Every structure is written in C-alpha cells, then in structure tokens.
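So you can see what is in the structure, the chains are spelled out below.
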Amino acid sequence: MGYGIVTFGYSVQERQEYRLNTGSMFSKFFKFRMSSSIDIDEDAELVWRLLEDAARWADWSSVCTEVWGVNEDDVLVEGTKLGFKLRVAGREVPFNVSVTGVSRGEFIEWCSTKFSITAVRTISIEQNGNTTRVVDSKQFSSSIIPIGIAYPKGLIRKMTEAWLSELRRPQSRNIE
C-alpha cells in the first residue's frame, strides 16, 4: 500500500487525515456526510428563533429530550458549549457540543466527539418567498472506526427528518 510508505513515521491521526484528505480508497470507510432539508411555511426569522433557542428544543422535539448548559435567555453564539440528550433507537444518549460558527439568521454549526467519532452539524436557513428552507447537514469521521460501513445512517436520517418535520408543527411555534 503506497500511502503506508508515504506516511511512515506519522501518528495514527496524521495517517487518517492523509487518507481523508487525499481521497484514498479508504476515506469512504472512515467518514460520511448526509443532508436533509424541509420547506416550512413560515418567515425565516421565526424559524431562526426556534433554532437558536436551544433551551426549548426539548419542548417541541421528540428527538431531543433534554438540554443543559444554556439558559432560557441565551442564544447560541460561537464558543457556546452545551449538552443535550437525543433519543437514539429508544435510548437517551447524551452529547456535549461546542458551537463553532453562527451567522445569525443564516446558519449555526457545532462539533462534538463521542466514541472516537467526530460529528460536525450545520443547520442553515434560507427564505424562499413565503417559505423557509431548512437544511440539516452532518459530517461524521473517525480515525479508528470504519463508520462509512458500520454506522446507523438510516437511523440518523430518520432522527434528522423527524426533528426537521417537528420544526413545522404549530406547537413548536409558541415563541414569545
């Protein structure tokens, strides 16, 4: 394997980054991306307020069952650290994330690492006439676990699409 000679003497993480960045045949085993979207018949400002009000996510989402590390008056800004529990296959799994980017009214991005898997999630919104398009993109990578072939992509997609569809429900819109 040619890349082994090229990367001889480098750490496991450096070899993994080489594989991911060079597009080698192994990169598809150690990372994957997915994206889902929904159009909501609401103004982008209202949708944005739902997204940035992390303290209330569990009030309207069946996927997110608890949030900690933010107060009711807090909005998510770059550098915010928060945690939440997601319902995954009937179990509540805690995640701690760091907000890595925010452009108010446009997108929010956060990063987390759990079980050696790093996830970057970007939620963006765009006003299209009378509707707002919400796009939820995720990128997963691991230096040791072949997540490209052994990760529950179908389950993650189902959770993402449930969360997006719940943004559309009238009860999620009870913002003061």
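Look up a bit, the structure's there.
Keep in mind the model is a prediction, meaning the values are calculated, not measured.

Caption draft 1: Just the pairing of strand 5 (residues 107–114), in detail. Pairing between strand 4 (residues 91–103) and strand 5: five bridges, direction antiparallel. The residue bridging Val102 from the neighbouring strand is Ile108, located in strand 5. Taken together, strand 4 and the strand that follows it, strand 5, pair antiparallel across an intervening segment of three residues, in which Gly105 is found at a positive phi of about 80 degrees. As judged from the eight bridges shared by strand 5 and strand 6 (residues 117–128), these two strands associate in the antiparallel manner. Looking across to strand 6, one finds that Trp110 is bridged to Arg121. Here strand 5 folds back onto strand 6 in antiparallel fashion, the turn holding two residues, of which Phe115 has a positive phi close to 55 degrees.

Caption draft 2: The arrangement of unusual backbone geometry in detail. Phi at Phe115 is positive, roughly 55 degrees, even though this residue is not glycine. Tracing the chain through its elements places Phe115 in the loop between strand 5 and strand 6. For Phe115, a relative accessible area of 65% translates into the label exposed. In this model, Ser116 sits at a positive phi of 70 degrees, which is unusual for a non-glycine residue. With respect to the helices, strands and loops of the structure, Ser116 is situated in the loop between strand 5 and strand 6.

The rules we used
- Residues numbered from 1 in each chain as written.
- Predicted model: local features only at pLDDT ≥ 70, side-chain atom pairs only at ≥ 80, totals over all residues.
- Heavy atoms only, no water.
- Pairing = 2+ DSSP bridges.
- Helix = DSSP H or I, 4+ residues; strand = E, 2+ residues; numbered from the N terminus.
- Buried < 20%, exposed > 50% of the residue type's maximum accessible area, 1.4 Å probe, protein only.

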